[in-house]
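Per-entry structural report
The lines below spell out each chain.
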Amino acid sequence: MAPSLPLQGLRILSAEQYGAGPYGSMQLADLGAEVIKIENPHEGGDVSRQTGPFFLGQDRARPDSQFFQTFNRNKRSLTLDLKTEQGRQVLRRVAATCDAVMNNLRGDLPERLGLTHAALKDVRPQLVCVHLSAYGRQNERAGWPGYDYLMQAEAGYLHLTGEPDGPPARMGLSMVDFMTGMTTAMALLAGVLGAQRSGRGCDLDVSLFDVALAQLSYPATWFLNAGHVVQRMPRSAHPSAVPCELVRCADGWLFVMCMTPKFWQALARGVGREQWLQDPRFATPASRREHRSAMTAALDEAFGAQSVEHWMLRLAGQLPVAPVLSLPQALTSPFVERVGMVQPLPHPDLPGQRVLASPVRVDGERLPGRACSALGADTDDVLASAGYSAQEISALRASGVL
């Protein structure tokens, strides 16, 4: 039996495309919200429908791709040209039936396209309007385009990532997009909750740049208050906790994290090196930091005698430790299968399509998933729910608004 989802009844209209916005709204759709994607009928919809290399189907009028489905599970599709006055009037009527209107457009576009609270409050005073942009809507960069990798560069991530003697390096995934999407989803829910209590909606703004900078967390605090600059550490090590780093085994790598005295003792005993506990170089967290290089050499000597599998069997559950896996190994791990993190998402052109499931469980159950609708497939139904007649919908379609 499918779980009762906590956001059932929440209706969200979203002018979104590509990564950050769709990722955030998908979290809400997974939890039961009705998320209606606004897609431009003259541009092939969300640009990610045409992002390769793995496409779904051959219908150019309704493009689709595995990339698109990754970010748009459980959503509906409304084709609507917001660049026209008639299209913006349709937006207003549909928005009157919604709890929130969301977008991830360039910062200067929401006001121009009528997506702000000021533009929509007369149709629904409690409507929450959520804006995800690259740099925000109220500064000199409002009109700038922006992407995840640029934020990683300017927010200092490339300074912190990689080996000390290597070139600047970004994260292997678009984590700023994903963090910004999640932050936007949280902000939207907070706004809706506040509007339910007060009867008044608002505008909420989240930007890729702000979120990227906010995630600097304690390195930012250390610099702002003590002038300390965190540097890259060998073996992807933690800047202060030692040992907390990659260690070399006979056939691969492990990541070991001794964040407490208890785990340091478990490590020394687990690898048969209890003498480390009495070694003055390793006796305290401070002395281990001071002798980090010697600690790394000692770890390599101990772990290098056996395989990754040997050490996992010996240490897992007693010491925070994980194998360093390739992408294929990570996705085919027996543990991933046992916890159900790979989810079937049948698609008309790929019945066996699989994606990663939502990380949230409701009453112990994984959340259900369905492929996002084809481009514009829900247009008539959404407009009918906003009071449009079949004749009006036909006229809008004939005019090119839909």
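Being a predicted model, the structure only gives us computed values, none of them experimental. (Residues numbered from 1 in each chain as written. Predicted model: local features only at pLDDT ≥ 70, side-chain atom pairs only at ≥ 80, totals over all residues. Heavy atoms only, no water.)

**Things to note about the overall build of the protein**
- Broken down by element type, the protein carries 18 helices and 13 strands.
- Overall, the protein is about 85 × 50 × 40 Å in size when its C-alpha atoms are taken along their principal axes.
- Counting over 402 residues, the protein shows a buried share of 47%.
- In the protein, 67% of the contacts between residues at least 6 apart in sequence involve partners at least 24 apart.
- A total of about 20100 Å² of accessible surface is found on the protein, and carbon and sulfur atoms cover 56% of it.
- Treating the 38 positive side-chain charges of the protein as one cloud and the 39 negative ones as another, the clouds have centres 3 Å apart. (Helix = DSSP H or I, 4+ residues; strand = E, 2+ residues; numbered from the N terminus. Buried < 20%, exposed > 50% of the residue type's maximum accessible area, 1.4 Å probe, protein only. Contact = heavy atoms within 4.5 Å. Areas by Shrake-Rupley, 256 points an atom, 1.4 Å probe, with all protein chains shown as cover. Lys, Arg positive; Asp, Glu negative; His and termini not counted. Charge placed at Lys NZ, Arg CZ, Asp CG, Glu CD.)

**Here's the deal with the packing of aromatic side chains**
- Applying the stated criterion to the full structure yields twelve aromatic pairs.
- Between Trp264 and Trp276, the aromatic rings sit 6.1 Å apart at their centres with planes inclined by 5 degrees, giving stacked as the arrangement. Residue Trp264 is found in helix α11 (residues 261-270), and its partner Trp276 is found in the loop between α11 and α12 (285-290); the two are separated by twelve residues along the sequence.
- Given a relative accessible area of 5%, Trp276 falls into the buried group.
- Site record: aromatic cluster; members linked through ring pairs are Tyr18, Tyr23, Phe67, Phe71 and Phe178.
- The ring of Tyr388 has Arg93 lying over it, and the distance from NZ or CZ to the ring centre is 3.7 Å.
- Directly above the ring of Trp264 sits Arg288, whose terminal nitrogen or CZ lies 4.4 Å from the centroid. (Phe/Tyr/Trp six-rings, centres within 6.5 Å; stacked < 30°, edge-to-face > 60°. Lys NZ or Arg CZ within 6 Å of the ring centre and 35° of its normal.)

**Quick word on the environment of Asp378**
- Positionally, Asp378 belongs in the loop between β13 (365-366) and α17 (379-385).
- When the C-alpha atoms of Asp378 and Lys37 are compared, they prove to be 9.5 Å apart, with 341 residues separating the residues in sequence.
- A polar contact is formed between the side chain of Asp378 and the backbone nitrogen of Ser77, at a distance of 2.8 Å. (Polar contact = N/O pair within 3.5 Å; in protein donor to acceptor, adjacent residues only side chain to side chain.)

**Focus on unusual backbone geometry**
- In this structure, Pro53 follows Gly52 across a cis peptide bond, with omega equal to 10 degrees.
- Val242 connects to Pro243 through a cis peptide bond whose omega is 0 degrees.
- Relative to the helices and strands, Pro243 resides in the loop between α10 (217-226) and β7 (244-248).
- If you check the backbone angles, Ser236 has positive phi at about 55 degrees while not being a glycine.
- Inspection of the secondary structure assignment puts Ser236 in the loop between α10 and β7.
- Unlike most non-glycine residues, Asp363 shows phi in positive territory, near 50 degrees.
- Along the chain, Asp363 falls in the loop between β12 (361-362) and β13.
- Note on Asp363: relative accessible area 76%, which makes it exposed.

**Considering the nonpolar core**
- The biggest cluster of nonpolar side chains holds 28 residues, and the ones touching the most others in it are Leu13, Leu80 and Leu383.
- Among the elements of the structure, β1 (11-15), β2 (34-39), α3 (85-95), α17 and α18 (390-399) are those that each provide at least two residues to this core.
- When residues of this core are assigned to their parent elements, the largest contribution, four residues, is made by α3.
- Discounting residues that sit within four places of it in the chain, Leu383 has contacts with Leu78, Val90, Val94, Tyr388, Ile393, Leu396 and Leu402.
- Phe263, Leu267, Leu315 and Leu319 belong to the second largest nonpolar core, which has 24 residues in total. (Core = buried A, V, L, I, M, F, W, Y, C linked by side-chain atoms within 4.5 Å.)

**Let's talk about helix α8 (residues 175-198)**
- With 24 residues, α8 should reach 34 Å at 1.5 Å per residue; the first-to-last C-alpha distance of 34 Å fits that figure.
- Residue Gly199 follows α8 closely and has a positive phi angle near 80 degrees. (Expected span 1.5 Å × (residues − 1).)

**Digging into the pairing of strand β8 (residues 253-257)**
- Only one face of β8 is covered, namely the one carrying Leu254 and Val256; the face carrying Trp253, Phe255 and Met257 has none of its residues buried.
- In this sheet, β8 lies alongside β7 in antiparallel orientation, the contact comprising five bridges. Among the inter-strand pairings, Arg248 is bridged to a residue of β8, identified as Trp253.
- The turn linking β7 back onto β8 is made up of four residues.
- With three bridges connecting them, β8 and strand β9 (residues 321-323) associate as antiparallel partners. Within β9, the position partnered with Val256 by the bridge is Val321. (Pairing = 2+ DSSP bridges.)

**Observations regarding the pairing of β2**
- The buried fraction of β2 amounts to five of the six residues, a majority that puts the element mostly inside the structure.
- Two elements, β1 and β2, share five bridges in a ladder whose sense is parallel. By the bridge assignment, Arg11 is partnered in β2 with Glu34.
- Handedness of the crossover joining β1 and β2 through helix α1 (residues 20-30): right-handed.
- Here β2 pairs with strand β3 (residues 76-79) via four bridges, running parallel. When the sheet's bridge partners are listed, Lys37 is paired in β3 with Ser77.
- The parallel pair β2 and β3 is bridged by helix α2 (residues 66-71), and the resulting crossover is right-handed. (Right-handed = clockwise from strand over helix to strand, strands pointing away.)

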